[in-house]
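Residue-level listing of the chains:
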Amino acid sequence: MTVSLADSLGRHLPETLRDDPAVSCLAALISSASFVPFVLLRDVRREVLPQGGLTVEARLCESDLVESVAADGFVLHGGARKELRLALRAALAENGVDPDSARLRSSMHNGLDLLSPLLRLEERVVWQYITEADYLDACDRELAGVVRGITQERRLRMLEWASAAMTRLPEELLGAPSAWLLAQLCRAQDLPHPQLGWPEGATDEGLFLDVMHFLPQTVVGVARDGIRLTLGPVSAQRPIGVRVPATQPVSVRVEWPGNPDGRVISDVDRTVKSVTTGTEPVTIVGLDGRAVQLGAMSPHELAPELREQQKVFDRLEDARARRRELMAKPVRLDVGPHGYLVRLSEEPSVTGYMPVSAAKMPGLTESPGLRVPTELQRVRVTQVDRERQRVSVSRVRGIVSRGSLVEGQLVRARITAKTVSGLLLDLTNAAGLTVPQYERVFGLLGTQDLPASPGWMPKYRSARSYAIEEGMEVDVVVTAIDGRGKQLRITVRLADRSDVPGGRLPDGLSLGQRLWGTVAEKFYHGIRFDIEVQREDAVTEPCSGIRGLVLNTELSWDGRWFYGGGDAREFGLVVGDRCELVVVGVHELTGEVALSLKQVVEDPGQVTLRMLRAGSEVDGIVMRRVGDVWRVRLEPWSAMTTVPVGSFKGRLKTGTRIRMRVRHSDPATHTITAELVRVHADGG
């Protein structure tokens with residue numbers, strides 16, 4: 001760093017940050033990163049303050065500029081970080097980006113590589129803000145890539161980063177159109193987000209429409225009296241509902257012959273706005289480009305859309321009174337989810353509500369409302385509320401029949417859902433039945449009947465953790481058909497196979513081999529990786545067309561993953577991350593390469609077995625009672641121990657935290673016995 005840049009930086013720092021100029025200058029130069037790895041701090045200090053030594057780094061980490069320190073880095077205080085960035089930006093604008101600044105950026109490379117991809121993107125955006133005059137366009141391009149990943153690739157976990165990043169980014173960057181789009185996406189997922197005004201500058205129209213179609217919709221009430229068009233919340237005064245994207249603020253464009261260019265009206269979901277349109281036809285256009293046409297009206301008469309609405313509700317009232325069956329197609333889940341929103345085929349302008357209790361759907365998962373049927377359903381109208389414009393319906397059950405299914409029959413079925421007790425398969429087509437005349441026929445493949453695979457055992461695991469996705473087709477044999485009518489139950493087993501698909505590892509791979517992989521997909525039961533191998537010339541390259549799967553039980557030695565209770569979609573890896581893996585086998589059913597992330601490091605439970613001695617005191621979590629002992633998991637390891645029931649006068653509940661004293665530890669047999677010292681006061 002040149003003397004002129006250092007002097008300029010010192011002049012632009014506020015008085016409160018001038019007590020230790022060397023520390024403040026060093027902090028300013030690393031302030032572009034929201035999280036500062038120690039490697040980044042060391043490399044920058046060596047570049048700009050080679051004579052300062054480690055004491056400068058220590059003084060910075062102990063100063064009030066630092067908010068928190070972790071094992072691999074630290075975070076600058078938000079208020080100080082803002083002032084440091086402003087001072088560095090002003091200093092560079094005064095001196096220009098000189099060769100020393102270019103060398104500084106080069107020295108930051110190794111430290112920044114330790115950040116996750118999204119934190120690197122955040123740092124890159126802030127660095128452009130600090131060093132470039134036209135920073136807003138550069139920021140918009142970077143954030144637009146994030147928006148595309150969310151809307152086009154459905155990478156919703158990126159919104160968690162975006163929600164936090166918008167609190168750390170300079171306020172000037174939040175004026176970028178893509179920042180406004182990210183705020184709308186965060187709002188749709190109930191994540192914290194800043195309240196941003198309408199974005200200025202050009203917006204990518206395709207990207208904007210992608211976001212608008214991605215957002216949920218809200219309803220804006222409309223009314224006309226022959227003089228004014230009134231928009232606001234739906235009420236008895238504004239009974240016509242128009243669906244528009246639920247942005248903040250909610251905006252629409254109103255067009256009529258007297259103003260063909262249109263007029264944008266905002267905040268119509270919370271406040272009442274009006275515009276003089278007379279009796280001319282009106283077009284209301286939402287931000288998603290969808291338009292609603294309102295025809296011309298005659299003075300002193302009801303608007304044509306209101307007359308048509310009354311006719312629709314008259315027909316629905318008649319259908320309810322006559323208990324007439326209608327056809328409806330489920331559109332989406334209601335928020336909660338507590339039910340389905342359905343579109344009536346005979347009245348496409350009306351969206352009805354079908355509660356889960358009235359849907360009478362079979363329990364496809366632990367939460368029956370988590371999926372939307374795709375086929376038409378027979379329904380009856382149960383309630384019509386004209387004032388609130390609400391129509392409720394209930395599904396009419398079809399005939400319950402086994403169709404042509406017989407015990408011992410070999411059929412091909414699609415996996416519909418994964419539950420704790422097994423896989424649910426749709427046998428409707430195999431039974432020769434049609435929907436909605438007949439109810440769908442489902443067969444259960446129990447967890448105990450699934451073949452074991454590396455990292456998954458039926459005795460200890462849930463079928464939700466099994467390495468097979470919903471929608472896949474498998475060959476099964478009907479083993480039992482019990483009951484009749486509404487109590488019909490069908491169980492199946494996997495068909496016998498002469499060989500396992502892909503029953504051996506691909507050439508170039510072997511058990512226990514370490515390799516690198518890039519996250520490609522995330523599911524409940526695991527994470528799929530694109531595999532990379534090292535050639536003989538030590539060059540790492542991707543394996544063409546070969547992917548491997550890390551089950552959630554092979555992600556970490558931590559208990560929630562070790563025992564198969566963790567949702568792999570919540571694991572701290574995102575699509576595109578690289579990490580080292582170990583080959584542990586081949587999946588029995590799908591033939592995929594089975595990988596392990598946790599076995600890259602030694603099992604801490606085995607280390608514990610070697611280190612524990614009689615008399616050692618440890619904490620544990622009570623798992624279950626087996627005979628005259630309690631099974632207890634040692635914290636923070638996944639090693640198990642037993643505690644005699646007689647050592648505690650009372651009943652221990654599952655999940656209770658206790659303190660134990662080791663009686664005996666045998667690494668050869670992997671057994672630990674202990675006695676109870678006390679139950680922790682919090683009990684959990």
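Below: a short report on this structure. Keep in mind it's a predicted model, so treat the numbers as computed, not measured.

### Notes on the pattern of salt bridges
Alright, step 1. Taken as a whole and assessed by the stated rule, the structure comprises 43 salt bridges.
Alright, step 2. Close ionic contact of Glu347 with Arg315 constitutes a salt bridge, the shortest N to O distance being 2.7 Å. Here the residue Glu347 occupies a position in the loop between strand 13 (339-344) and strand 14 (351-355), and Arg315 occupies one in helix 13 (residues 304-322), the gap between them amounting to 32 residues.
Alright, step 3. For Glu347, a relative accessible area of 9% puts it in the buried group.
Alright, step 4. Relative accessible area serves as the criterion here: at 37%, Arg315 is assigned to the partly exposed category.
Alright, step 5. As a salt-bridge pair, Glu592 and Arg528 come within 2.8 Å of each other at their nearest N and O atoms. Placement of Glu592 in the loop between strand 25 (578-586) and strand 26 (593-596) and of Arg528 in strand 23 (residues 526-534) is noted, with a sequence separation of 64 residues between them.
Alright, step 6. Residue Arg528 is classed as buried on the basis of its relative accessible area of 7%.
Alright, step 7. Shared partners join several salt bridges into a network, and the residues in it are Glu617, Asp619, Arg657, Arg659, Arg661, Arg663 and Glu675.

### Considering the sheet that holds strand 3 (residues 73-76)
In a beta sheet, neighbouring strands pair by backbone hydrogen bonds and run either parallel or antiparallel.
Alright, step 1. Judged by pairing direction, the sheet is antiparallel, and its 3 strands sit side by side in the order 1-3-2 without closing on themselves. Bordering the open sheet on either side are strand 1 (36-37) and strand 2 (66-69), each of which pairs with just one other strand.
Alright, step 2. Relative to strand 3, strand 2 is paired through 3 bridges, and the arrangement is antiparallel. The residue of strand 3 that forms the bridge with Val66 is Leu76.

### Quick notes on the packing of aromatic side chains
Alright, step 1. Going through the model one piece at a time under the given rule, you end up with 4 aromatic pairs.
Alright, step 2. Aromatic side chains Tyr129 and Tyr135 sit 5.1 Å apart centroid to centroid with 85° between the ring planes, which places their arrangement in the edge-to-face category. Like Tyr129, the residue Tyr135 is buried in the burial classification.
Alright, step 3. Positioned over the ring face of Tyr129 is Arg89, at 5.0 Å from the centre of the ring.
Alright, step 4. For the cation-ring pair, Arg464 lies above Tyr524, with the distance from its terminal atom to the ring centre recorded as 4.1 Å.

### Points about the side chain of Glu123
Alright, step 1. You can see Glu123 is positioned in helix 8 (residues 117-131).
Alright, step 2. Only 2.6 Å separates the side chain of Glu123 from the side chain of Arg105, close enough to count as a polar contact.
Alright, step 3. Sequence-distant contacts of Glu123, defined by excluding residues within four places in its chain, comprise Ser32, Ala33, Arg105, Met108 and Leu112.

### Structural notes on unusual backbone geometry
Trans is the prevailing form of peptide bonds, just as negative phi is the prevailing case for residues other than glycine.
Alright, step 1. In this structure, the amide linkage connecting Gln248 to the following residue, Pro249, adopts the cis form with an omega of 5°.
Alright, step 2. Following the sequence through the fold, Pro249 ends up in the loop between strand 6 (240-245) and strand 7 (251-256).
Alright, step 3. Following Val435, the chain continues to Pro436 via a peptide bond in cis, the omega torsion being 10°.
Alright, step 4. Tracing the sequence through the fold places Pro436 in the loop between strand 18 (422-426) and strand 19 (442-446).
Alright, step 5. The phi torsion at Arg154 lies on the positive side, around 55°, for a residue other than glycine.
Alright, step 6. One non-glycine residue, Asp190, lies in the positive phi region at around 60°.
Alright, step 7. By the secondary structure assignment, Asp190 is in the loop between helix 11 (177-188) and helix 12 (205-214).
Alright, step 8. The exposed category is assigned to Asp190, whose relative accessible area is 72%.

### Observations concerning the packing of helix 9 (residues 135-153) against helix 11
Alright, step 1. At their nearest, the axes of helix 9 and helix 11 sit 8 Å apart, and the two run at 30° to each other. What the angle tells us is that helix 9 and helix 11 run roughly parallel. At the point where helix 9 passes helix 11, the crossing takes the left-handed sense. Contacts between helix 9 and helix 11 involve Asp140, Leu143, Ala144, Val146, Val147, Ile150 and Thr151 from the former and Pro177, Ser178, Ala179, Leu181, Leu182 and Leu185 from the latter.
Alright, step 2. The residue makeup of the contact of helix 9 with helix 11, split by class, is 10 nonpolar, 2 polar and 1 charged.

The rules we used
- Residues numbered from 1 in each chain as written.
- Predicted model: local features only at pLDDT ≥ 70, side-chain atom pairs only at ≥ 80, totals over all residues.
- Heavy atoms only, no water.
- Salt bridge = Lys/Arg side-chain N within 4 Å of Asp/Glu carboxyl O.
- Helix = DSSP H or I, 4+ residues; strand = E, 2+ residues; numbered from the N terminus.
- Buried < 20%, exposed > 50% of the residue type's maximum accessible area, 1.4 Å probe, protein only.
- Pairing = 2+ DSSP bridges.
- Phe/Tyr/Trp six-rings, centres within 6.5 Å; stacked < 30°, edge-to-face > 60°.
- Lys NZ or Arg CZ within 6 Å of the ring centre and 35° of its normal.
- Polar contact = N/O pair within 3.5 Å; in protein donor to acceptor, adjacent residues only side chain to side chain.
- Contact = heavy atoms within 4.5 Å.
- Axes fitted to C-alpha atoms, helices over the stretch in contact; angles between N-to-C directions.
- Parallel < 35°, antiparallel > 145°, perpendicular 65-115°, else oblique.
- Left-handed = near helix turned anticlockwise from the far one by under 90°.
- Nonpolar A, V, L, I, M, F, W, Y, C, P; charged D, E, K, R; others polar.

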